[in-house]
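So the chains spell out like this:
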Amino acid sequence: QVQLVESGGGLVQAGGALRLSCAASGSIFGIHHMRWYRQAPGKQRQLVAHISSGGTTNYADSVKGRFTISRDNAKNTVYLQMNSLKPEDTAVYFCYAEMRRQPGGNFYTYWGQGTQVTVSS
């Protein structure tokens, strides 16, 4: 069974930092795009950061210069380093990955279960 497991969320004061991790496990034969999304109470899920299989990154304007997405392909893991956190960053953070379960097969989308990040003022 292929799955994504996030870790690293928690409570931090404004101006602080957190590092989220998301590890893919199971029978995996390649991971394409990996992303972090977040969803605050009463709001829609929004894309925070994206990294391609080649390492190209993109960020939401609200986190540019503060957040950094990276990946370790040997470990099938994506990270989100979050610095200078603000109360408005409070949300449940979800990782997303496009993975294939067979050599040369199709890529399918997978989501993690989410990890809570709370930034106090």
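All figures in this text were calculated on a predicted structure; none of them were measured in a lab.

Calculation rules
- Residues numbered from 1 in each chain as written.
- Predicted model: local features only at pLDDT ≥ 70, side-chain atom pairs only at ≥ 80, totals over all residues.
- Heavy atoms only, no water.
- Helix = DSSP H or I, 4+ residues; strand = E, 2+ residues; numbered from the N terminus.
- Rg over C-alpha atoms; globule rule 2.2 N^0.38 Å.
- Buried < 20%, exposed > 50% of the residue type's maximum accessible area, 1.4 Å probe, protein only.
- Pairing = 2+ DSSP bridges.
- Axes fitted to C-alpha atoms, helices over the stretch in contact; angles between N-to-C directions.
- Disulfide = S-S within 2.5 Å.

> How would you summarise the overall build of the protein if you had to cite specific residues and measurements?
Scanning the protein from terminus to terminus reveals zero helices and 11 strands. Rg of the C-alpha trace for the protein: 14 Å, near the compact-globule value of 14 Å for 121 residues, within the 12% margin. Dimensions of the protein along its principal axes, counting C-alpha atoms only, are 50 × 25 × 25 Å. By residue count, 40% of the 121 residues in the protein fall in the buried class.

> Pulling in residues and values, what's your account of the pairing of strand β7 (residues 67-72)?
Burial along β7 is one-sided: the residues Phe67, Ile69 and Arg71 are buried and none of Thr68, Ser70 and Asp72 is. Where β7 lies against strand β8 (residues 77-82), six bridges are found, and the strand directions are antiparallel. Its bridge partner lying in β8, aspartate 72 is registered against threonine 77. In this structure, the hairpin formed by β7 and β8 is closed by a connection of four residues, where asparagine 76 is found at a positive phi of approximately 50°.

> For the sheet that holds β8, give the residues involved together with the corresponding values.
The strands that make up a sheet pair up through hydrogen bonds in the backbone, lying either parallel or antiparallel. Strands sit in the order β1-β3-β8-β7 across an open sheet of four strands; the sheet is antiparallel. The strands lining the two open edges of the sheet, one partner per strand, are β1 (3-7) and β7. Neighbour-to-neighbour, the strand axes of the sheet open up by a mean angle of 15°, direction not taken into account.

> Give me the state of the cysteines: which residues, what numbers.
For the structure on display, the rule yields one disulfide. Shown here is the disulfide that connects cysteine 22 with cysteine 95, its sulfur atoms set 1.9 Å apart. On the S-S bond that ties cysteine 22 to cysteine 95, the torsion sits near 40°, and the link is right-handed. Separated by 73 residues along the polypeptide, cysteine 22 in strand β3 (residues 18-25) and cysteine 95 in strand β9 (residues 91-99) bring together distant segments of the chain. Just as cysteine 22 is buried, cysteine 95 falls in that class too.

> Break down unusual backbone geometry for me, citing the residues and quoting the values.
The phi angle at asparagine 76 is positive, at roughly 50°, despite the residue not being glycine. A positive phi angle, close to 50°, is found at serine 84, a residue other than glycine. Checked against the element boundaries, serine 84 lands in the loop between β8 and β9. Serine 84 gets classed as partly exposed once you look at its relative accessible area, which sits at 42%.

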